[in-house]
Amino acid sequence: MTLQDRIRSGKFVVLGEFEPPKGADFSAYLKNANLSRGRVHAVVVPEMANAVLKASSLGGCAYLQREGMEPVFQLCCRDRNRLALQADILSAAALGIRNVMAVPGEDVRFGDHPQARAVNDLDLMGLLETLQKLQTGKDLAGIELRGVPRFCVGSTLDTGASGGLLNIELEHLKRKIDLGVEFVVTNPIFDLRRFEQFVRRLDAKQTAVFPTVLLLKSAGMARYIDRNIKGISIPSEMIRDIQKAPDKPQECIRIAANIVARLKDMGMPGVLISTVGWEDKLSQILDQANI
Amino acid sequence: MIVAKQKPIEEIIETLKGYNKILILGCNECVTVCEAGGKKEVAVLASALRMYFMNQGQEVKIEEATLERQCDHEYLEEIRKTVDQYDAVLSLACGVGVQFLAEKYMHTPILPGVDTCFMGVTEERGVWSERCQGCGQCILAWTAGICPVSRCAKRLLNGPCGGSSKGKCEINKEVPCAWQIIIDRLNELGRMEDYERLIPIKDWSTERAGGPRKVVREDVRS
Ligand code: SF4
């Protein structure tokens, strides 16, 4: 069953997330992805997250596709103009990739090539419009395509926005849905009470919202995220639990599994589990969450 | 106005190497306002250079002049008779002035003394900031008079990214988020319906992407 079929049939979706390597050796990448085989329904392949140079999302997707896994191709406007974006979208379709996800992309100044010139020819809404247009069989210039690409289109949703910006984020969600978005992935969720309040403001039927569950690795990492990453708060009990636990990795897995299970109980249509470097722990999270 | 800032003196000295008679040429317009290349800056730079060359035991003659503008033939003509006396001209005008000089005076090396930065405003004395990128297709009517092309780090045309925080841009806490200003103003003006309209995919061909640009008005051409 494809990701799109699963979303449409309302079955619980588990997305993995595997970032391609910085280098031309994909062997560890494939090994990690293989560990999740059969446990995740699709794998999101980030496009140079945090503007740090890595092999491209399209490259990672092509590898996973060849291995018989279902990838989600990420696209952002930072590094490509409308020609390059459309070219990659067509190539992805030709490679059999069925899912794309339009993301804002962090600014180059945050990454490891801060001297780069950002492109931003299209903005996020423009990119979604482009995806919609290509799926009608024409490119942005209105010229007929040979072979029409078809995708299940996703994007992101920032649940951490506060005050007026939250209204704006919800307004943007509406626009995204109008532009054909079938699913959105949120920022990492730890504070379920706060997330529940957010979900109450959503019209759940409109689109599938997949919260991200980030596997913490230490109390230090949790504290860092809580203090420094905008819009993400981690309950202090959670940080304390990791600190006190005799087996810290096990405690981190337990926390992630618990969040996954509770999100499922809340009626969320799925989750994205981000294990960054601890890919071997993914199945344990799912086991403990009874998925 | 065009905002520029003076180049570090070491860089200027490097480009002046080998020239013995130099004219430092200021401009009375934008670079005077942003205190980078007006009469005053010409005088200060000239004395610094004289001092430097004297300390080095080099005999280099530095002269000063400031034109009304360096982007008009009329004013550039004022140095036609004297320009050949110099081994080089160090222009403190923006890149426009430097080039117009270079195009006009084929036999004299023309060097830049400032880095031209952007089109902007004087927020307060000593603080200048960008307002326009000359994209050739103004959308300010729909964005409450605030430009997301020049003031949003990602040039977003349809609302803020997720990075906007407490009115500041995610790339730099000193920089206001353009979209926060736009939304605040639209609210203030009671025109939030402008926000709801999706700005179409921008045609950048009128921007620099379309190559060097030119405006021709037949009706005023002589
Ligand atoms: S924070 Fe505001 S100004 Fe900065 S990139 Fe995002 S929308 Fe643009």
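Since the structure is predicted, the reported quantities are computational estimates derived from the model, not experimental observations.

Q: Pulling in residues and values, what's your account of the pairing of strand β7 (residues 127-132) of chain B?
A: Residues and elements named next belong to chain B. Note: strand β6 (residues 114-124) against β7, 5 bridges, orientation antiparallel. Bridged to T122 within β7 is W128. Where β6 folds back on β7, the antiparallel hairpin that results is connected by 2 residues, among which G126 adopts a positive phi of roughly 90°.

Q: Before we move on, can you summarise the domain arrangement of chain B with the specific residues and values?
A: When its domains are assigned, chain B resolves into domain 1 (2-118) and domain 2 (136-210). Distance from the C-alpha centre of domain 1 of chain B to the C-alpha centre of domain 2 of chain B: 37 Å.

Q: Give me the site of the ligand: which residues, what numbers.
A: Lining the immediate surroundings of the ligand are C152, A153, K154, L156, P160, C161, S164, C169, E170, C177, A178 and W179 of chain B. Broken down by class, the residue content of the shell around the ligand amounts to 9 nonpolar, 1 polar and 2 charged.

Q: Lay out the pattern of salt bridges in plain terms, naming residues and giving numbers.
A: Side chains that differ in charge, positive against negative, can pair when their charged atoms come close. Under the counting rule described, the total for this entry stands at 33 salt bridges over all chains. For E19 of chain A, the salt bridge identified is with K54 of chain A, shortest N-O distance 3.0 Å. Here E19 of chain A is found in the loop between β1 (13-17) and α2 (27-35), whereas its partner K54 of chain A is found in the loop between β2 (42-45) and α3 (57-66), with 35 residues between them in sequence. For E19 of chain A, a relative accessible area of 27% translates into the label partly exposed. Residue E41 of chain B pairs with K40 of chain B through a salt bridge whose shortest N-O separation is 3.7 Å. Each of E35, K40, E41 and R125 of chain B takes part in a single network of salt bridges with overlapping partners.

Q: Tell me about the environment of M48 of chain A, and name the residues and values.
A: All names here are of chain A. Inspection of the secondary structure puts M48 in the loop between β2 and α3. According to the relative accessible area criterion, M48 is buried, its value standing at 14%. Remark: the alpha-carbon pair of M48 and L173, spanning 125 residues in sequence, is separated by 23 Å.

Q: How would you summarise the environment of N167 of chain A if you had to cite specific residues and measurements?
A: Residue and element names in this part refer to chain A. As for its placement among the helices and strands, N167 is situated in helix α6 (residues 164-178). For N167, a relative accessible area of 43% gives the class partly exposed. Note: C-alpha distance between N167 and R200 (33 residues apart in sequence) is 13 Å.

Q: So what about the interface of chain A and chain B? Which residues, and what values?
A: Across the boundary between the two partners, chain A contributes 22 residues, which contact 23 residues of chain B. Between chain A and chain B, the buried area comes to about 2,000 Å², and carbon and sulfur atoms account for 57% of it. Here chain A and chain B share 0 salt bridges between them. Counting across the chain A and chain B interface gives 11 residue pairs in polar contact (both at pLDDT 80 or more). Elements supplying a minimum of two residues to the side of chain A that touches chain B: α5 (124-134) and α6 of chain A. Looking at which element gives the most residues to the side of chain A that touches chain B, the answer is α6 of chain A, with 5 residues.

Calculation notes
Residues numbered from 1 in each chain as written. Chains lettered and ligands numbered in written order. Predicted model: local features only at pLDDT ≥ 70, side-chain atom pairs only at ≥ 80, totals over all residues. Heavy atoms only, no water. Pairing = 2+ DSSP bridges. Helix = DSSP H or I, 4+ residues; strand = E, 2+ residues; numbered from the N terminus. Domains from an automatic or database assignment. Near = heavy atom within 4 Å. Nonpolar A, V, L, I, M, F, W, Y, C, P; charged D, E, K, R; others polar. Salt bridge = Lys/Arg side-chain N within 4 Å of Asp/Glu carboxyl O. Buried < 20%, exposed > 50% of the residue type's maximum accessible area, 1.4 Å probe, protein only. Contact = heavy atoms within 4.5 Å. Buried area = accessible area lost by both parts, 1.4 Å probe. Polar contact = N/O pair within 3.5 Å; in protein donor to acceptor, adjacent residues only side chain to side chain.

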